[in-house]
Amino acid sequence: MSDGTRFDWNAIEQKWSRTWKENHAFESDPDESRKKYFVTVAYPYPNSPQHIGHGRTYTVADAHARYMRMKGYNVLFPMGFHYTGTPILGMSRKVAAEDRDLLDTFRDIYKLPDDVVATFAEPVNIARYFHNEIKQGMKEMGYSIDWRREFTTIDRMYSKFISWQFRTLQKKGLIAQGSHPVGWCPSDQNPVSQHDTMGDVEPDFNEYTVIKFRADDLVYPAATLRPETLLGVTNMWLNPEVEYVQAEVDGEKWLVSTEAARKLEFLNRKVRIVKTVKGSQIIGNKVINPVNNTEIPVYPASFVDPDSGTGVVMSVPAHAPYDFQALEDLRSDKKTREDFGISNIVTPIKIIESEGHPGIPAEEAISKFGATDQSDEKLEKATNELYSHEFYKGKMMQNTGRFAGMSVADAKNEIKSVLTKGGHADTMYELVKRPVVCRCGAECVVKILSDQWFLNYGDKHWKDLAHECANSMDIVPQDIRQEFDYVIDWLRERACARKSGLGTKLPWDPDWIIESLSDSVIYMAYYVIAKYVNSKEMSDDNITDTFFDYILLGIGSTERVSDECKLSVSTVQQVRDEFLHFYPVDSRHSGRDLVPNHLTFFIFNHTAIFDKDHWPQQIVVNGSVLMEGKKMSKSLGNIIPLRAAIREYGADTIRLAIMVSAEILQDADFSFDTAKGLRAKLLGILEMAAKCKGVKQGSGAELEDRWLVSRLQRVVAETTSSMEKLRMREAIHHILYSLDQDLQWYMKRAAAKKRDNVLPTLKELVDTQLRMLSPFAPFTAEEAWEQMGNKQMIASAGWPVSVEERIDMVAEESEFVIASLLADLQNIVKVTKINPTKVAVYTSSSWKVRVYREILAKVMEGKTNFGEIMKLLIANPETAVLKNDPKLAQRMIDDILSAPLEARNRRLELKDFSEAAAITDAKTLLSDMTNNAEILVYSEEDSAKYDPKSKARSARPFKPAVYME
Ligand SMILES: [Zn+2]
């Protein structure tokens, strides 16, 4: 067998792509005779060619679609292209500006010809080019897409659809204009979302409380997530090396880092810088804590990051590991203390008690994580853990006066509200993961945007609906469900429009363009409409909201839509019926990075717009793909374009290699060695199928035939169960590896008998294997299917069914006994180095079998206590004889406990199983494998047996005794 390197996989791929297309194999229309199944996957954003990593979600979704089709469903699996947004616009500007980095990427990584790149100064040309490139790749991968429904998000009809969506949301009061914080690119002057950032980072932000410590009229604003610790503040920290500014902020005099002054401007503060001052000049000053008017000193600390918060830090050494550590560092740094004239160092003030922290909590957390100084990264972990521990379990201590006895959560709100009312506190926003870098290269900030349009995901009633939808939905894998609940709770107002980019204008304010995570949430419904627009059965000229109201919500009437939109009554009715046929979405596939935005917005918007019976039924979340164990990145040069990989390895190999290494949510690891191994396996399957051509299928009567058929039923049942849970890695293992092992054993048994009539049985195996393989390796499966002599496509052949009656316990037990005996014999030969000429095998006497069955029944009832079992056995006259040999009973219990559960169950059910018959059947094989020795099979009870060393008496059921010479 060759490894498939020279085999022309691409020829097979082209042949079957053509055949599927000619036969309209994946075009789905309403069909009342079958149940429908609607699978969708997040449409691609065409600003680069697809690489192997992109292939995963689409391949898994396609395998899912193909599986459901094999199960007899009327599957709809469509695809669109998402042009909306600013990244393509940004790219075109860079091309116009002849950005070296981007042009090099186009030439060296994407291999684009110069004349193509020259057209890219026009953004739509970028989208169209990569759209086509991605589409070709999808076809080459064999995705079973109904291409009649393709669209882009800048199509005129799509824009009408999105306008309708937004007017509908606005009517429900879910869109409002106002001032809210957003992630912001200062260079593009636009809000940013995950699509707009390098590495697709979602620009989440935290709300900090800014506490105003004062020295005369100068405010030292400390930004904190823990205002409740204010009574434990012992000092302030400034970084002596950092440049601070004194600035007028909304009429007050503030001391902040230069970076913070800039951030405050984005947060709509009026900032005027008065003068610059080095941190070291302020160390040693005293400031007043607004909560209790105590005077505290300003100390130096290097951990203070000018880019985090205000660059001014309040120190709570009892509860903040960084603060505790910085005090320790200062204590042991005599020179610094002398330089700044610090004589007495403050001591921590504990103000929160919680279980597990009898001493100073920060000190305990530090020693737990083993941090050594304030630059130690372990402090971050210690901080997070202590924060969350005290938040949930902490109580304010007696020394906190009016806050004593409160939970940390209550105290946090109370202190914040008191201070804010008194003018001593403020808020500011800060990005959670810094730095967040825009695709244009600028570092993002948080901006309070005025008069911006927001989708109000903070609306309580809307959140309740979203929870209801998520709870009623299947989420694969289940472990990610709580992440959805978390995101639904956490989401707040979200900017839904931009000033630039491709997309649909906000219908009531055309200065704005609806952004990309807002026009991609209910488009699955649009696939129904796209088919009629593309086929020109419907003109988009006169389409108004009336059309969408009726088609998608059932509001109005066919006649009214027909009149108003100049469409025939029958077309309107057909579109409506088709929507009702295919909606809701049965399965939505997407990547894990889209849980905190797209997938959750998808839930929210469906609940706002559609009736409950049109809410989505399932979400499937995929992990990402590593390349040979490493993250794919431009700098590592390990980004393999999908189409190039297909040309080199063949589509099926790539499909399998992406899916075989991990289950849904885990990171898959693509490896070329695995790909090569898979390719060789596919070639083996093709060769096997060709051998079965013209053979009449039918299972033979030999033990191994019966066994193989029985095994097939089991593998079908197991694979089906894996697929129902979308455990595709497991399914592929059953199909390619378990079945292959079974085949090897069968061939070994048949070869030992010198059989030449195995093909009818093998044909059944290949037939079954190919059907199960077809969702994963559709080209190979079709080709092999045809090679076997089938006239119809495998895509319509149906998923195999496991037939209970064809499970043959005797055959399964027989082969199990034979395989164990063979392993034993080979082991004896290896250990004793005997080259046997004669091998005698002794099966146990019938009374031992009776005892075994009794013990087995007891064990399966859950009794494994030796004494208890012995008592029961001796009480029974049939097995009382065991009294003379208690060791035998113990050995049998051990035998049973070491047998696989499957074998135990089987043996309990098998009433008259003959080990001797099984072993006799395999005489030729046993002989072949033991130097052609003569194989003799006796019962222990056989008086004429050849037993020179009295081995027979040690025989036990399913553990025959062996003698060799
Ligand atoms: Zn930017």
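Everything below is about the structure printed above this text.
If you're wondering where the values come from, they're calculated on a predicted model, not measured in any experiment.

Cut-offs used in this document
- Residues numbered from 1 in each chain as written.
- Predicted model: local features only at pLDDT ≥ 70, side-chain atom pairs only at ≥ 80, totals over all residues.
- Heavy atoms only, no water.
- Helix = DSSP H or I, 4+ residues; strand = E, 2+ residues; numbered from the N terminus.
- Contact = heavy atoms within 4.5 Å.
- Areas by Shrake-Rupley, 256 points an atom, 1.4 Å probe, with all protein chains shown as cover.
- Lys, Arg positive; Asp, Glu negative; His and termini not counted.
- Charge placed at Lys NZ, Arg CZ, Asp CG, Glu CD.
- Pairing = 2+ DSSP bridges.
- Donors = N, O, S within 2.8 Å, 3.2 Å for Na, K, Ca; no water.
- Tetrahedral: all angles 85-135°; square planar, octahedral: opposite > 155°, others 65-115°.
- Buried < 20%, exposed > 50% of the residue type's maximum accessible area, 1.4 Å probe, protein only.
- Axes fitted to C-alpha atoms, helices over the stretch in contact; angles between N-to-C directions.
- Parallel < 35°, antiparallel > 145°, perpendicular 65-115°, else oblique.
- Left-handed = near helix turned anticlockwise from the far one by under 90°.
- Nonpolar A, V, L, I, M, F, W, Y, C, P; charged D, E, K, R; others polar.
- Phe/Tyr/Trp six-rings, centres within 6.5 Å; stacked < 30°, edge-to-face > 60°.
- Polar contact = N/O pair within 3.5 Å; in protein donor to acceptor, adjacent residues only side chain to side chain.
- Patch = residues over 30% accessible without salt bridge, like charges linked within 9 Å, V, L, I, M, F, W, Y side chains within 5 Å.
- Salt bridge = Lys/Arg side-chain N within 4 Å of Asp/Glu carboxyl O.
- Core = buried A, V, L, I, M, F, W, Y, C linked by side-chain atoms within 4.5 Å.
- Arc of directions from axis to C-beta.

Participant: I would appreciate a short explanation of the overall build of the protein in the present structure.
Facilitator: Secondary structure summary: the protein contains 34 helices and 29 strands in total. Taken over the C-alpha atoms alone, the protein extends approximately 115 × 80 × 55 Å along its principal axes. Restricting the contact set of the protein to residue pairs at least 6 apart, pairs at least 24 apart contribute 76%. With the model as given, the accessible surface of the protein reaches about 40,700 Å², and the carbon-plus-sulfur share is 49%. If you average the places of the 122 positive and of the 138 negative side-chain charges in the protein, the two averages end up 3 Å apart.

Participant: Sorry, what's going on with the sheet that holds strand 25 (residues 630–631) here?
Facilitator: Consider a sheet: its strands pair through backbone hydrogen bonds, and that pairing is either parallel or antiparallel. Ordered in space as 25-24-26, the three strands form an open sheet in which the pairing is mixed. Two strands in the sheet have a free side with no partner beyond their single neighbour: strand 25 and strand 26 (668–670). As paired strands, strand 24 (residues 625–627) and strand 25 are joined by two bridges and run antiparallel to one another. Bridge pairing in strand 25 links Leu-626 to Lys-631.

Participant: It is not clear to me how the coordination of the zinc ion should be interpreted in this structure. Could you clarify?
Facilitator: A metal bound by six donors in octahedral fashion has ideal angles of 90 or 180 degrees, whereas one bound by four tetrahedral donors has an ideal angle of 109.5 degrees. Protein coordination at the zinc ion: the donors are Cys-185 (SG), Asp-188 (OD), Cys-438 (SG) and Cys-440 (SG), at 2.1 to 2.2 Å from the metal. One way to put it: the four donor atoms around the zinc ion meet at angles of 98 to 119 degrees, and that makes the site tetrahedral. All donor residues of the zinc ion come from one chain, and their arrangement in sequence is C-x2-D-x249-C-x1-C. With Cys-185 in strand 3 (residues 175–185) and Cys-438 in the loop between strand 16 (425–431) and strand 17 (445–456), this residue pair connects regions lying 253 residues apart in the sequence.

Participant: Hey, could you run me through the pairing of strand 3 in this one?
Facilitator: Two faces make up the sheet, and in a regular strand the side chains alternate between them. With eight of 11 residues buried, strand 3 is to be regarded as a mostly interior element. Direction of pairing for strand 3 relative to strand 17: antiparallel, over a ladder of nine bridges. Bridging from a neighbouring strand, His-180 pairs with Leu-449 of strand 17. Looking at chain direction, strand 3 and strand 4 (residues 190–191) are connected through two bridges and run antiparallel. Residue pairing across strands places Cys-185 opposite Asn-190, the latter belonging to strand 4. With antiparallel pairing between neighbouring strands as the criterion, strand 3 and strand 4 make up a hairpin whose turn holds four residues, including Gln-189 at a positive phi of roughly 55 degrees.

Participant: What is the right way to read the packing of helix 18 (residues 558–565) against helix 19 (residues 569–582) from this model?
Facilitator: Two quantities define a packed helix pair, namely the angle between the axes and the distance from one axis to the other. The N-to-C vectors of helix 18 and helix 19 enclose an angle of 120 degrees; their axes lie 9 Å apart at closest approach. Relative to helix 19, the element helix 18 lies oblique. As helix 18 packs across helix 19, the resulting crossing turns out to be right-handed. Counted together, Thr-558, Val-561 and Ser-562 of helix 18 and Val-569, Val-572 and Gln-573 of helix 19 form the full contact between these two elements. Along the lines of polarity and charge, the residues of the contact of helix 18 with helix 19 split into three nonpolar, three polar and no charged.

Participant: What is the right way to read the packing of aromatic side chains from this model?
Facilitator: Per the stated rule, a full pass over the model turns up 49 aromatic pairs. Judged by centre distance (5.2 Å) and plane angle (50 degrees), the ring pair of Tyr-852 and Phe-958 falls under tilted. Here Phe-958 lies in the loop between strand 28 (934–939) and strand 29 (961–964) and Tyr-852 lies in helix 29 (residues 846–860), a separation of 106 residues in the sequence. The exposure class of Phe-958 is buried, given its relative accessible area of 18%.

Participant: Mind showing me how you'd approach the side chain of Asp-196 here?
Facilitator: Looking at the secondary structure, you find Asp-196 in the loop between strand 4 and strand 5 (205–215). Residues within four places of Asp-196 in sequence aside, it is in contact with Thr-86, Pro-87, Pro-191, Cys-438, Arg-439 and Arg-498.

Participant: Just to check I follow, could you spell out the side chain of Thr-400 for this structure?
Facilitator: Residue position: Thr-400 is located in the loop between strand 15 (395–396) and helix 13 (408–421). Here Met-397 takes part through its backbone oxygen, which lies 2.6 Å from a polar atom of the side chain of Thr-400. In this structure, Thr-400 is in contact with Leu-231 and Ile-351, ignoring residues within four places of it in sequence.

Participant: Got a minute to help me understand a negative patch on the surface in this structure?
Facilitator: Taken together, the side chains of Glu-628, Asp-667, Asp-669 and Asp-673 make up a negatively charged region of the molecular surface. Relative to the helices and strands, Glu-628 is located in the loop between strand 24 and strand 25.

Participant: So what exactly am I meant to see when it comes to the packing of helix 9 (residues 321–331) against helix 12 (residues 378–393) here?
Facilitator: Running from N to C, helix 9 and helix 12 cross one another at 135 degrees; their axes reach a closest spacing of 8 Å. As summarised for this structure, helix 9 and helix 12 are arranged oblique, according to the angle between their axes. Only Leu-379, Glu-380, Ala-382, Thr-383 and Leu-386 of helix 12 make contact with helix 9, whose side of the interface consists of Pro-321, Tyr-322 and Gln-325. Residue classes in the contact of helix 9 with helix 12 are distributed as five nonpolar, two polar and one charged.

Participant: Just to check I follow, could you spell out the pairing of strand 8 (residues 243–249) for this structure?
Facilitator: Burial runs high along strand 8: five of the seven residues are buried. Here strand 8 runs beside strand 10 (residues 271–278); their pairing, made up of seven bridges, is antiparallel. What sits directly across from Val-245, in strand 10, is Thr-276. Of the pairings in the sheet, the one linking strand 8 to strand 9 (residues 252–257) comprises six bridges and is antiparallel in character. Bridged to Tyr-244 within strand 9 is Ser-257. Remark: two residues form the turn of the hairpin made by strand 8 and strand 9, two consecutive strands paired antiparallel; Asp-250 in that turn has positive phi of roughly 45 degrees.

Participant: What should I look at first to understand the pattern of salt bridges in this one?
Facilitator: Side chains that differ in charge, positive against negative, can pair when their charged atoms come close. Applying the stated rule across the entire model yields 79 salt bridges. For Lys-412, the salt bridge identified is with Glu-228, shortest N-O distance 3.3 Å. A residue pair is termed long-range when its members are at least 10 positions apart, and Lys-412 in helix 13 and Glu-228 in the loop between strand 6 (218–224) and strand 7 (235–238) qualify at 184 residues. Take Lys-412: its relative accessible area is 12%, and that puts it in the buried class. Overall, the relative accessible area of 0% leaves Glu-228 in the buried class. The shortest N-O distance in the salt bridge between Arg-706 and Asp-808 comes to 2.6 Å.

Participant: Explain the nonpolar core to me, please; I cannot follow it from the model alone.
Facilitator: One broad trend across soluble globular proteins is that nonpolar side chains are buried collectively. Counting 144 residues, the largest nonpolar core has Ile-52, Phe-77, Phe-106, Phe-670, Leu-770, Phe-776 and Ile-855 as its most contacted members. In contact with Leu-770, not counting residues within four places along its chain, are Ile-685, Ala-781, Ala-784, Trp-785, Met-788 and Ile-794. Within the second largest apolar cluster, 78 residues are counted, among which are Val-487, Ile-551, Ala-608 and Ile-619.

Participant: Would you explain helix 11 (residues 361–369) in this entry?
Facilitator: Residue pairs three or four apart in sequence face the same way in an α-helix, which turns once every 3.6 residues. Pro-361, Ala-362, Ala-365 and Ile-366 are the residues of helix 11 that are buried. Each buried residue of helix 11 sits inside an arc of 135 degrees when the element is viewed along its axis, so together they form one side. Seen from the open side of helix 11, the exposed residues pointing more than 90 degrees away from its buried face are Ser-367 and Lys-368. If you follow the buried residues of helix 11, they end up packed against helix 9, strand 14 (352–353) and helix 12. Where helix 11 ends, the next residue or the one after it, Gly-370, has phi of about 75 degrees, a positive value.

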